[in-house]
Amino acid sequence: MSNKISGAEILIKSLIDQGVKNIFGYPGGTIMPVYNSLYDYTHIVNHFLARHEQGAIHAAEGFARVSGQTGVVFATSGPGAMNLLTGLNDALIDSTPIVAITGQVATPFLGKDAFQESDIVSVTLPVTKWTVQVRKPEDISAAIAKAFYIANSGRPGPVVVDLTKDAQTGLAEYKQESCEYIRSYHPSPDIKDDIILEAAEMINKSSRPMILAGHGIAIAKAENLLLQLAEKAKIPVATTMLGLSSIPSDHPLNKGMLGMHGNIGPNINTNKADVIIALGMRFDDRVTGDVKKYAPQAKIIHVDIDSSEFDKCIKSDVHIHGCVGKALEKMLPFINSNVHDEWIESFTPHENIEKEKVMQRELHPDTPDGKMLMGEVISKVSEAFDDNAVLVTDVGQNQMFAVKYFRFKSPKSIVTSGGLGTMGFGLPASIGAKIACPDREVVLFVGDGGLQMTIEELGMIMEYNVGVKIVLLNNNFLGNVRQWQHLFFGGRFCATPMLNPDFKMLVEAYGIPAEDVSSRDQLDLAIQRMADTDGAYLLNINIEPTDMVFPMTPPGAGVDDILLEENVYYKNQN
């Protein structure tokens, strides 16, 4: 009696061996043998049918970000596989572990322009950590083990396993494979003690130290170690956008977000600090502004798992190559207890100006016709969920306002497209996030532009009863582009006004409760109804179209060249 099974079944067994319980995907011709085998394992593995492959991979990203597990996505060859490219690139830049399984035409048809053939290996190499094509069923199990090892080790990222159809239909004996080592790939380098001591000495001698906490803190599950360092040496902490929930919003050492739309205090004091401790972040241009004007007085300690980030944007004085959690564990015993009261107090005047000039307008607005501002809506929604929901955003003004006015108590509470800035990310990512944490509330803030890019994924919410709370910040504009057109292009609003559908009617067609909130006097009760509803809900909020995100560091300016409002620079206030 033969013990051989199909390559497609070998794939499913290999995924189960990796602990996979949730898969997002869309079937098609060349991946059909895999789906045929999956049919016999649906008691073990849940499959979520997206309405578009891009929706499937963004859902897998949302799942991976919140769970810490590797997200898995299936797609067929040709157009199906090509529709994953945006999500693969998004996952690569934002260090999200994804294994994408794509179907491919049978080996004899490769390179012959067969129906739905595309060279997915060549196309995806620039946007993945690793891509491999498997042509024999006996090679599938080892390829999957290697894919998961690469995707979720070191700096996480996406991997593509391209399976020819004959590899799926061919027969082979199943052998469970594992992968814990690949020659020339060293995802967890040993951290040298002398470098740790050098960094600790630099921190101990500093009078104006500042921690910049990035996404690497969440990836390494190092939130507690971050707090230990900050509290022991009394060091103020600023975060990147993806690092926001690594420290509670109300912690006295949390000074807010860095960068173009970051808080005034950390941006100003970046250029006054004498030591900057950059933890698991990559000095993105939206954080630094003009690099020639960035942190001129500071010595830079850069800790990162990816050595390619060292000196790429900002030159560091000490770089520690390794897991940020392990680096902090080694460093903490050598850090002196300290006080930096005068330095910490120097943030306060900036915070007060921001509250007076910016937050006062957003949180206590006086706008005509009852149209609301994004800041007031987001703050009220955060409060309604006790500041303990998982925040998911799309990209644009909704994103910038959300990360500014939403508050965090718990780690792994933000899911957003950081480096790539992918409009359409929010809705499917919120679905994946909710599947990853069914016992937590997941709140999506999305604009009318981004929602319509992946609006078909309301079908996933309907079919699988995914309880995402959706707050549509609707200003009938591509709001962020409109802001730039207003500030930097003479108010020439080309291709940014939007004629929108009846979102309430559209969402209700998917069986999802929805309501229009047209004026401020309706807002509080509408938010409460959404919070009290068990399951999905959408609020379509009538937003003032001229609302703009401030503070803002204009493109090409130094990080401390800050617009408080149109034509009013913060430096002119001092």
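Residues numbered from 1 in each chain as written. Predicted model: local features only at pLDDT ≥ 70, side-chain atom pairs only at ≥ 80, totals over all residues. Heavy atoms only, no water.

Q: So what exactly am I meant to see when it comes to the pairing of strand E12 (residues 275–279) here?
A: Within a regular beta strand, the side chains point alternately toward one face of the sheet and then the other, so they alternate between its two faces. Across the five residues of E12, five count as buried, placing the element largely inside the fold. Covered by surrounding structure in E12 are Val-275, Ile-277 and Leu-279 together with Ile-276 and Ala-278, the residues of both alternating faces. Sheet topology places strand E9 (residues 209–213) next to E12; five bridges connect them, and they run parallel. Pairing of Leu-212 across the sheet is with Ala-278, part of E12. In terms of strand pairing, E12 meets strand E13 (residues 299–304) through five bridges, oriented parallel. Pairing of Ile-276 across the sheet is with Ile-300, part of E13. (Buried < 20%, exposed > 50% of the residue type's maximum accessible area, 1.4 Å probe, protein only. Helix = DSSP H or I, 4+ residues; strand = E, 2+ residues; numbered from the N terminus. Pairing = 2+ DSSP bridges.)

Q: Looking at this structure, I do not really get the nonpolar core. What am I missing?
A: If you look at soluble globular proteins, the nonpolar side chains tend to sit buried side by side. With 46 residues, the main nonpolar core has Phe-24, Val-73, Val-392, Val-415, Leu-458, Ile-461 and Ile-470 as its most contacted residues. When residues in this core are grouped by element, the largest group, six residues, is from helix H3 (residues 53–67). Val-73 has contacts with Phe-24, Ala-56, Ile-57, Ala-60, Leu-84, Ile-98, Val-99, Ala-100 and Ile-101, leaving out every residue within four places of it along the chain. (Core = buried A, V, L, I, M, F, W, Y, C linked by side-chain atoms within 4.5 Å. Contact = heavy atoms within 4.5 Å.)

Q: So what exactly am I meant to see when it comes to unusual backbone geometry here?
A: Note on backbone geometry: most residues besides glycine have negative phi, and most peptide bonds are trans. In this structure, the amide linkage connecting Phe-550 to the following residue, Pro-551, adopts the cis form with an omega of 0 degrees. With respect to the helices and strands, the residue Pro-551 is situated in the loop between strand E20 (537–542) and strand E21 (563–565). Of note in the backbone geometry, Asp-387 takes a positive phi value of approximately 55 degrees without being a glycine. Tracing the chain through its elements places Asp-387 in the loop between helix H17 (374–384) and strand E15 (390–393). With relative accessibility at 17%, the residue Asp-387 sits in the buried group.

Q: Just to check I follow, could you spell out the packing of H3 against helix H19 (residues 426–436) for this structure?
A: Angle between the axes and distance between the axes: these two values describe a pair of packed helices. Contact geometry of H3 with H19 gives a least axis separation of 6 Å together with a crossing angle of 40 degrees. In terms of axis orientation, H3 runs oblique to H19. Where H3 crosses over H19, the two elements pack in a sense that is right-handed. Of H19, the residues touching H3 (which contributes Gly-55, His-58, Ala-59, Gly-62, Phe-63, Val-66 and Ser-67) are Pro-428, Ala-429, Gly-432, Ala-433, Ile-435 and Ala-436. Broken down by class, the residue content of the contact of H3 with H19 amounts to eight nonpolar, five polar and no charged. (Axes fitted to C-alpha atoms, helices over the stretch in contact; angles between N-to-C directions. Parallel < 35°, antiparallel > 145°, perpendicular 65-115°, else oblique. Left-handed = near helix turned anticlockwise from the far one by under 90°. Nonpolar A, V, L, I, M, F, W, Y, C, P; charged D, E, K, R; others polar.)

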